[in-house]
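Topology and contacts: notes
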Amino acid sequence: MVADFSDKPTIRGERIVLRPIVAADATSLLADLDDADGRRLTGTHRTFERSEIERWAATRSGTDDRIDLAITDRSTGDWLGEIVVNDWDPANRSCGFRIAVARAARDRGFGTEATRLLVDYVFEEIDNPPVNRIELEVFAFNPRAIRVYESIGFRREGVRRQALRWDE
């Protein structure tokens, strides 16, 4: 199979389905962006307009340098969050990674399953060219995410001190 970042897969797991983000996901995305704890965990300071999120969500299928997927409950189809591989650098065969799990879905293992599914997909299916490295950033005050990433196989390479200013 020849897959690249223009392919937007649907990936089925035991309890979740990762599927391409579409314009109709704007309401769920906005709810996540309105969650104060979620914004802090992702370091998101800015606010977003509904029209901006609708336009952004509607364009995800047309990108060839990233994969934006909704995390949904396999049984109900309910929104659980979003997961992304981005910053594709084909010359260095590396990309970035981020995930945002909705408040109601946290601490239930959905983020771990989603991360494993997407990381496996990227390393096993993307071969035009194959990916050699996935990197991410996580804030030190998010030990839950750090445990997940390390359990999947990510390794700590450095610490950025005072990189996020919050509540100042």
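Here we summarise the structure given alongside this text.

Observations concerning the overall build of the chain
The helix and strand inventory of the chain stands at five helices and six strands. In the chain, the succession of helices and strands from N to C terminus is β-β-α-α-α-β-β-β-α-β-α. Its C-alpha radius of gyration of 16 Å places the chain within 12% of the 15 Å reference for a compact globule of 168 residues. Seen through its C-alpha atoms, the chain measures out along the principal axes to roughly 50 × 40 × 30 Å. Considering only residue pairs separated by 6 or more positions, the chain has 63% of its internal contacts joining residues 24 or more positions apart. Surface accessibility of the chain: about 9800 Å² in total, with carbon and sulfur atoms responsible for 45%.

Notes on the pairing of strand S5 (residues 94-101)
Among the eight residues in S5, seven count as buried, and that is most of the element. Summarising the sheet, strand S4 (residues 79-89) and S5 pair through seven bridges and their orientation is antiparallel. Opposite Glu 82, over in S5, you have Ala 100 as the bridge partner. Here S5 runs beside strand S6 (residues 133-135); their pairing, made up of three bridges, is parallel. When the sheet's bridge partners are listed, Gly 96 is paired in S6 with Glu 135. In this view, the connection linking S5 to its parallel neighbour S6 by way of helix H4 (residues 110-125) has right-handed handedness.

Digging into helix H5 (residues 143-152)
Taken residue by residue, H5 has Ala 145, Ile 146, Val 148, Tyr 149 and Ile 152 as its buried positions. The arc that holds every buried residue of H5, seen down its axis, measures 160 degrees, which confines them to one face. If you follow the buried residues of H5, they end up packed against S5 and H4.

Digging into the layout of surface pockets
The computed volume of the second largest pocket comes to approximately 980 Å³. Every residue lining the second largest pocket is counted, 39 residues in all, and those nearest its centre are Thr 42, Arg 98, Ile 99, Ala 100 and Val 101. Taken together, the elements giving at least two residues each to the lining of the second largest pocket come down to helix H1 (26-33), helix H2 (36-42), helix H3 (50-58), S5, H4 and H5. Per element, the largest residue contribution to the lining of the second largest pocket is five residues, and it comes from S5.

A short note on the side chain of Thr 63
Mapped onto the secondary structure, Thr 63 falls in the loop between H3 and strand S3 (67-73). Residue Thr 63 is classed as buried on the basis of its relative accessible area of 13%. Among the polar contacts listed, one links the side chain of Thr 63 to the backbone oxygen of Arg 66, at a separation of 3.3 Å. Those residues in contact with Thr 63, other than ones at most four positions away along the chain, are Phe 5, Ser 6 and Lys 8.

Definitions and cut-offs
- Residues numbered from 1 in each chain as written.
- Predicted model: local features only at pLDDT ≥ 70, side-chain atom pairs only at ≥ 80, totals over all residues.
- Heavy atoms only, no water.
- Helix = DSSP H or I, 4+ residues; strand = E, 2+ residues; numbered from the N terminus.
- Rg over C-alpha atoms; globule rule 2.2 N^0.38 Å.
- Contact = heavy atoms within 4.5 Å.
- Areas by Shrake-Rupley, 256 points an atom, 1.4 Å probe, with all protein chains shown as cover.
- Buried < 20%, exposed > 50% of the residue type's maximum accessible area, 1.4 Å probe, protein only.
- Pairing = 2+ DSSP bridges.
- Right-handed = clockwise from strand over helix to strand, strands pointing away.
- Arc of directions from axis to C-beta.
- 1 Å grid on protein atoms, 1.4 Å probe; cavity = no way out; pocket = protein on both sides within 12 Å on 5 of 7 lines; lining within 4 Å.
- Points joined across faces, edges and corners; volume = space filled by probe spheres on them.
- Polar contact = N/O pair within 3.5 Å; in protein donor to acceptor, adjacent residues only side chain to side chain.

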